[in-house]
Amino acid sequence: MTAATGTEPLVRARNVHKAFERLEVLKGIDLDVMPGEVVVILGPSGSGKSTFLRCINHLEAIDAGSIMVGGEQMGYRLKNGHLVKLSANAIALQRRKIGMVFQQFNLYPHMTVLQNIIEAPVGVHGESRASAVDNAKQLLARVGLSDKLNSYPRQLSGGQQQRVAIARALAIRPELMLFDEPTSALDPELVGEVLNTMRDLAGQGLTMIVVTHEIGFAREAADRVVFMDGGHIVEAGRPDEVLGNPQHPRTQAFLSRFL
Amino acid sequence: MSNEHAIAASPSGDAAARDVASAHTPFRYGQLILWIVVGAVVVNFAWIVANNENFGWPVVGQYFFDPTVVQGLYVSLGLTVIAMALGIALGLVLAVARMSSDPLASTLSAWFVWFFRGTPLLVQLIFWYNMSTLFPTLSIAIPFGPTLASWDTNSVITPMTAAIAGLALNEAAYMAEIIRGGLLSVDRGQAETAEAFGMTRMRALWRIIIPQAMRSIVPPTGNQLISMIKATSLVSVIAMADLLYSVQSIYNRTFEIIPMLLVAVIWYLLITSILNVGQGYIERYYSRGERRTGGAAQGAKPAAAAVAGEASH
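What you see is a predicted model; the values in this text were computed from it and never measured.

Draft legend 1. Summary view of the layout of surface pockets. Roughly 890 Å³ of volume is contained in the largest pocket. Around the largest pocket, the lining is made up of 26 residues, and of these Met99(B), Arg188(B), Ala191(B), Glu195(B) and Arg201(B) lie nearest the centre. Listing elements by their share of the lining of the largest pocket, those giving two or more residues are helix 2 (88-95) of chain A together with helix 4 (67-99), helix 9 (159-185), helix 10 (188-196) and helix 11 (201-231) of chain B. When residues in the lining of the largest pocket are grouped by element, the largest group, five residues, is from helix 11 of chain B. Class assignment for the residues of the lining of the largest pocket results in 15 nonpolar, six polar and five charged.

Draft legend 2. Local environment of the interface of chain A and chain B. Contacts between the two partners involve 26 residues from chain A and, on the opposite side, 25 residues from chain B. Counting the surface chain A buries against chain B, the share from its top three residues, Tyr108(A), His110(A) and Arg154(A), is 26%. The interface formed by chain A and chain B contains four salt bridges. As a salt-bridge pair, Glu119(A) and Arg207(B) come within 2.6 Å of each other at their nearest N and O atoms. The set of elements that each furnish at least two residues to the side of chain A that touches chain B consists of helix 2, strand 8 (98-101), helix 3 (113-123) and helix 5 (158-170) of chain A. Looking at the side of chain A that touches chain B element by element, the count peaks at four residues for helix 2 of chain A. Partitioning the side of chain A that touches chain B into residue classes produces 15 nonpolar, six polar and five charged.

Draft legend 3. Seen up close, the side chain of Gln224(B). Residue and element names in this part refer to chain B. Along the chain, the position of Gln224 falls in helix 11. Taking relative accessible area as the criterion, Gln224 reaches 15% and is therefore assigned buried. In terms of polar contacts, Gln224 uses its side chain to reach the side chain of Glu171, at 2.9 Å. The residues contacting Gln224, other than those within four sequence positions of it, are Met84, Glu171, Tyr174, Met175 and Ile178.

Draft legend 4. Highlighting the packing of helix 4 of chain B against helix 11 of chain B. Residues and elements named next belong to chain B. Relative to each other, helix 4 and helix 11 sit at 140°, their axes nearing to 12 Å. Considering their axes alone, helix 4 and helix 11 lie oblique with respect to each other. Remark: the crossing between helix 4 and helix 11 carries right-handed chirality. For the pair helix 4 and helix 11, the contacting residues are Thr80, Ala83, Met84, Ile88, Leu92 and Val96 in the first and Leu205, Trp206, Ile210, Thr221, Gln224, Leu225, Met228 and Ile229 in the second.

Rules and cut-offs
- Residues numbered from 1 in each chain as written.
- Chains lettered and ligands numbered in written order.
- Predicted model: local features only at pLDDT ≥ 70, side-chain atom pairs only at ≥ 80, totals over all residues.
- Heavy atoms only, no water.
- 1 Å grid on protein atoms, 1.4 Å probe; cavity = no way out; pocket = protein on both sides within 12 Å on 5 of 7 lines; lining within 4 Å.
- Points joined across faces, edges and corners; volume = space filled by probe spheres on them.
- Helix = DSSP H or I, 4+ residues; strand = E, 2+ residues; numbered from the N terminus.
- Nonpolar A, V, L, I, M, F, W, Y, C, P; charged D, E, K, R; others polar.
- Contact = heavy atoms within 4.5 Å.
- Buried area = accessible area lost by both parts, 1.4 Å probe.
- Salt bridge = Lys/Arg side-chain N within 4 Å of Asp/Glu carboxyl O.
- Buried < 20%, exposed > 50% of the residue type's maximum accessible area, 1.4 Å probe, protein only.
- Polar contact = N/O pair within 3.5 Å; in protein donor to acceptor, adjacent residues only side chain to side chain.
- Axes fitted to C-alpha atoms, helices over the stretch in contact; angles between N-to-C directions.
- Parallel < 35°, antiparallel > 145°, perpendicular 65-115°, else oblique.
- Left-handed = near helix turned anticlockwise from the far one by under 90°.

Now the structure itself:
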């Protein structure tokens, strides 16, 4: 999928700063993501890549800069030239167009697979139950888990749970999907099934921002690779450029460990 | 190498004999003797109690369904249900307020819990009952401003409302801490996921957090409910005719103190036994996502479940 040119970016991050207590995690991130683009963020642990992802849907509030998603500033709105913080409920409304997949899956353990998937479409988006169930069944077929409709998350393997989590995020028909290290908590032999599912999605024109350590996935599925280190974006570009011919010494050092 | 070793260690001949599926448990004679001894002691003690005339069993039987006793039982049960329901509802509000980031809400909640948990329930009940000596009239007014409505305290605070207010507010303080503990026990990632999916805080609490917190809220709440049934006996000091008050009123007349107390004791035990069974069902309901096996497992043996499964086809 190549990014459509000439349109507005779906995500526009400008000079994003974030600190926890005195620890500066993000030191001025600028990033545009076009509709349909698949951006993979690589970087060593502690480079701020997961924090940046969580700032995009305002799970973390940023200290300086701005993040726009679909033309709306996340967490704020301009009122007579002044920037005003939004209420919790207004932020909840902004998040409705963003799907998210977590490292620890975070399925709701007290609900079956089907209930997990239809919870947000029915409860948040006001979709009818029947249509949400239909859609859930289609999504489960897509991730290859049609037979697990009535299972509880604890009865599934890690890879199956993460695929359900992906189906759950897709069920809200998101404009943007965020993946926060989706394969890091999985046994090595289960990583493949999750990456295959994500590769399918990337091929279908969904806008995705993926934080991961899977260099292979970045090479095959990404339109653009962003390498972060120490709270900065040190290098960004086409996967064959960044991964094949890295310019920055930090990128070279990081990638050399995977060769 | 290890393969040869394994073959050498277990000659093929005894493989069938060593199959643990065919193992049986040796009979434990020591355990049987213990059962017999304990059983004999228990039966003997029951026999002694049953035949001791001082317990007055015929009197117990005579008054067990006495209208006064049954009326007192209704009062005790009614008070328990109302005070517990109010206590849980208010406790939930207090717990959420305590955990909120709003300093006003969390401070008010902390003060409430501090006061109502820190003073004896008996004293609280007496204060509620004697409210009229402290505040002869109760009014709704704007602070430092005009009065909007006013009532005579004695017409508002009857023994019934004093008992409900005292028990419910005290219970709310304890329930607040139990519910807060339950909410804290839920993985932080769950609230975050609900948030990321655009749920409002109310919806996340109601649909995602509370159902998971219930697993750790139900057992101590069962405890509280049983305490509450017995705590209702304290309202006899403010002239509420609960179960204990009714048996007292009878033995003050007949002087059959022990038999009448036995009537009350047996009723209290009966109620708590029923509640224990109910608690078991509630706990099983809220642990439904915890079982690793699917559908047909409720502690039943796999074989029995399989037979039931076949029968239903």
